[in-house]
Every structure is written in C-alpha cells, then in structure tokens.
Amino acid sequence: MLFPRPPGARRGLPARDVALLSALPATELSDLLVRSGGSPTQAHATTAKVVRYVLGGDVGFGALDPRWDELTLQALGIGAWAHGALLGLSARASLELAERAPASDGSERLLLRAGDGALVETVIIPGPGRTTVCISSQVGCARACSFCETGALGLERQLDAAEIVDQIRVARALWGSKSPPIQNVVFMGMGEPFDNLAEVARATHILTDDRGLKLSPSRVTVSTVGVADKLEAFFRTCRAELAVSLNAPDDARRSAIMPVNERFPLATLIDALRTHTPRGHKVLFEYVLIGGFNDARADADLVADLVAPVRCRVNVIPVNPGPDPAHRAPTPEAMNQFVARLAERGVTTLVRRPRGRDVGGACGQLAGAARARGSLPLA
Ligand code: SF4
C-alpha cells in the first residue's frame, strides 16, 4: 500500500479477485468467446456489444460499475452460450475517484485509487477543439528526472492495462457530455511508459478499438524519456504516436537532469529514432525550457542540429515549479527568442503552456501532496 490507512478510513475498491473486462483487448475477448463455444461471427458480434456496454456506455458514474448479470446480458441480446464466460469477468472499473482538484485554467487534476490503495494521477485538459486526458502508466517512477515530482516519489508498482484504460473511464464519467468531447489521450502522467510497455501496448489497443473507446491512434500519444532499446518494440506493439522528452541540447546537461541519458546518450537516441520510426510517423520532441540552463539562442541551434535527422516537431514547455528549486521558469524574452530561433532553423515548433499550475501542474505533485498529508481515505 502506498500510504498508511488513517484510523477510521472508508474502505474503497476491493483488491482484484476476478479478471476485468476493461483489461481485455477486443481480439482477446473474442478468442475467449470462441473457446466458450461461439462461432467466430457470434464471438465478434458479442464482443462488440459487451465492449460498447462496458467502455463505450453512457457517461456518468454508473458507467464505472455497470449492472452485470443474466438480465443485462439478455437485454444486450447476448446468447446464453456466452453468459458463463462473460459473468466470470467483472465489468467494474479498477479505479475510483479519491480527490479532484479543478484549476483556474479549466483543467482538472484527479487522484484515483486502485483496489490496493495505490494512488494514480490523471488530468483532464479541455482544449479549444478537443479535450485531452493525460494518464499515468506507473505508480511513481524509477527514472528520477530532476525536474519531476513523480521521479522524487520513486517507483511503487506498475499499472495494468485495466488501470490505464479505467483512467479514461473515470475522466469520461466526470466530463459527461460537456464540450469539446474527450478525444485525445497522452501518456504523460506518472511513470515511464516504456518501463511498462506490455501493459501500455494492451491499453492502446483497447483505447483505439472500433468496438471500444474508438480513439484514433493518431490521438493517442505515448511519451518516453528516451529508452532507445525499446523503440522498435513500441512501434511494433503500440497503436499510438510517440513523444520523446529531450529537454537539453547536449549530453552533459541532459545527463544532469535525466539519468536515462547515461545509458542512452543523445546520439544513440537520435540514431534509434531515425532507424525505427515508421514512414508516415512524426516524432514529437518535448523540450522543458529551464531559465538560464537550456534556453539560450545557441541551445536552440544545438537542438535544431540534433533533431534534423528525424521527421519531427518540437513542443517547448516552460518548466513547472518542481523538486529542484534551481529550475526556474524562463523569461518570456528568452522563451520567445528560443522558439523563434528554432522556427528560423526550419523546425516546426509549438509552445505548450503547463496546465493546472495552481493545483500542482507537474505530474506527481498531487500524489506527493497527498502522501505528505497522509489524510486520504484509503482502501
Ligand atoms: S519525467 Fe517521466 S520518466 Fe522522468 S521521473 Fe517524471 S514520470 Fe518518470
């Protein structure tokens, strides 16, 4: 358990004892139904009904624990041959809402609790055209990037595919029918997705299946710190776009803030991206701009040289207040100059403003604060 349970705390979700439907890609559910006696055609049609009911059902908190019994299956038009197999699975979400923190900019940070009490952060970020949900892939993280609150927590455990997918279910239940709808998912919350790649891959299949949440793979982005030896596996197994946290223009500075750079220095990372990025894909580089550290005009030139071999765009993000007080935000002038120089060098560049700053805008801050308080009602 991540936190000690305070005396008298309410008991939350039970620990997992049956397999969850939200952990099953549609192809696996279909195979299970064939093994249970259905024809491939029957299994395909039944899978569509089940997944639509469980993941694509009406929004609202009822969708997190939908009725799941013989009567429900009959009402869905599912033949008796499939009832035994389906009722052996649970339609319940694996996470429940522990805390929500709306920010003045419209984003909303959620703290979700798993059956074992582990706490997971998810953020809903409304945009002009679509709403994005930023999800976590691990509880905590082992990568120890110096600008990141989650890195300071250390790795508690991996999330499974159900716990990844159910972050979207909870977000949808809260968001309801508000506009713009949730159509974009980014793996930029707690954790390094490449350190949990098998479950992340399963989740991307569930999120993008036509029978489930129906997200376009181009609207699902997985962000890595640059675990170069897993790039080939990522592109082979995940239905998602790739983002890479770059954050420094040379190895010395990158190693100072991102320990992963010792194992996979920039030349290795760029070479792996050049080799493994499939045709038609563009890599999104994220560059956290830290005042006086990596924001000089000459640094923009180094970045432009670095990314030149890769089809890409660069998102520049002014640093959030984090665990290292030496990391201060860049001045507006420095940021404008940096972005302008990248653009002059022909690099497609966007500035992304961190959202939810007043409620702990960097991932891990809400969980860290809850840990410090030790006051959440826990499972
Ligand atoms: S930035 Fe990402 S990889 Fe680095 S410590 Fe934070 S969660 Fe982990």
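The coordinates are above.
In this report, the structure presented in the accompanying data block is examined. All of these numbers come straight from a predicted model, not from anything done at the bench.

1. Concerning the environment of D250
By the element assignment, D250 lies in the loop between β9 (241-245) and α9 (251-257). Separated by 53 residues in sequence, D250 and V303 have C-alpha atoms that sit 8.3 Å apart.

2. Regarding the nonpolar core
Counting 99 residues, the largest nonpolar core has V120 and L207 as the members making the most contacts within it. The element contributing the most residues to this core is helix α6 (residues 161-175), with seven residues. When residues of this core are assigned to domains, at least three fall in each of domain 1 (21-87) and domain 2 (95-373). Excluding its chain neighbours within four sequence positions, the residues that come into contact with V120 are L95, L112, A114, S136, V139, L159, E163, Q167 and M190.

3. A closer look at the packing of helix α1 (residues 26-35) against helix α2 (residues 40-54)
Where α1 contacts α2, the axes come no closer than 8 Å and their chain directions differ by 130°. Compared by their axis directions, α1 and α2 come out oblique. Regarding α1 and α2, the two cross each other, and that crossing is right-handed. Seen from α1, the contacting residues are A26, L29, S30, L33 and V34; seen from α2, they are P40, A43, H44, T46, T47, V50 and V51. Across the contact of α1 with α2, the residue classes tally to eight nonpolar, four polar and no charged.

4. Remarks on the pairing of strand β11 (residues 312-318)
Regular strands show a simple pattern: their side chains alternate between the two faces of the sheet. Only one face of β11 is covered, namely the one carrying C312, V314, V316 and P318; the face carrying R313, N315 and I317 has none of its residues buried. With seven bridges joining them, strand β10 (residues 283-289) and β11 adopt parallel strand pairing. Residue pairing for β11: L289 is matched across the bridge by P318.

5. Overview of α2
Under the 1.5 Å per step criterion, the end-to-end length of α2 is 21 Å for 15 residues, consistent within 8% with the ideal 21 Å. Within the span of α2, buried status applies to A43, T46, T47, V50, V51, Y53 and V54. Projected down its long axis, α2 carries its buried residues within an arc of 155°, all on one side. Looking at the buried positions of α2, the neighbouring elements they touch are α1 and α4 (83-87).

6. A word on the site of the ligand
Taken together, the neighbourhood of the ligand is formed by twelve residues, with C141, R143, C145, C148 and G151 sitting nearest. Of the residues that constitute the shell around the ligand, the class distribution is seven nonpolar, three polar and two charged.

7. Describing the environment of S22
In this structure, S22 sits in the segment before α1. Under the C-beta neighbour-count criterion, S22 is labelled buried, with 29 such atoms within 10 Å. As a C-alpha pair, S22 and A161 span 139 residues in sequence and 7.6 Å in three-dimensional space. Ignoring anything within four residues of it in the chain, the contact list for S22 reads V54, L55, A93, S94, A162, V165, D166 and R169.

8. Observations concerning the pairing of strand β4 (residues 131-134)
Alternating positions in β4 separate into two faces, T131 and V133 on one and T132 and C134 on the other, with burial throughout. Pairing of strand β3 (residues 119-125) with β4 involves three bridges; the strand directions are antiparallel. What sits directly across from I124, in β4, is V133.

9. Looking at the sheet that holds β3
If you trace the ten strands from one edge of the open sheet to the other, you get β1-β2-β3-β4-β7-β8-β9-β10-β11-β12, paired in mixed fashion. In this open sheet, the two edge strands, each paired with only one partner strand, are β1 (95-102) and β12 (349-351). Between one strand axis and the next, the sheet turns through 25° on average, direction left out of account. In the packing of helix α7 (residues 197-208) onto the sheet, contacts are made with β7 (182-187) and β8 (220-224), and the angle to β8 comes to roughly 165°.

Rules behind the numbers
- The numbering scheme is per chain: residues are counted from 1 as the chain's sequence reads.
- With the structure being a predicted model, the display of local features is reserved for residues of pLDDT at least 70 and the display and counting of side-chain atom pairs for 80 or more, all residues being used for whole-chain, interface and lining totals.
- By definition, any uninterrupted DSSP run of H or I lasting at least four residues is a helix, any uninterrupted run of E lasting at least two residues is a strand, and each is numbered from the N terminus.
- By convention the nonpolar core is taken to be a set of buried residues drawn from Ala, Val, Leu, Ile, Met, Phe, Trp, Tyr and Cys and joined through C-beta atoms within 7 Å.
- As a rule, residues whose C-beta atom has 12 or fewer other C-beta atoms within 10 Å are exposed, those with 20 or more are buried, and those in between are partly exposed; C-beta atoms are placed from the backbone.
- An automatic or database domain assignment is the source of the domain bounds shown.
- By the convention adopted here, residues make contact when the C-beta atoms placed from their backbones lie within 7 Å.
- What counts as an axis is a line fitted to C-alpha atoms, over the stretch in contact for a helix, and the angles between N-to-C directions run from 0 to 180 degrees.
- With respect to orientation, any angle under 35 degrees is reported as roughly parallel, any angle over 145 as roughly antiparallel, any angle of 65 to 115 as roughly perpendicular, and every other angle as oblique.
- Helix crossings are classified by the rotation of the near helix relative to the far one: an anticlockwise turn of less than a right angle makes the crossing left-handed, while a clockwise turn makes it right-handed.
- Three classes are used, and their members are as follows: Ala, Val, Leu, Ile, Met, Phe, Trp, Tyr, Cys and Pro are nonpolar, Asp, Glu, Lys and Arg are charged, and the others, Gly among them, are polar.
- Criterion used throughout: strands pair if DSSP finds at least two bridges between them.
- In a helix, the anticipated span is given by 1.5 Å times the number of residues less one.
- Arc, as used here, means the arc of the directions from the helix axis to the C-beta atoms.
- Nearness rests on one distance test: the residue's C-beta atom, set from the backbone, must lie within 6 Å of the molecule or strand.

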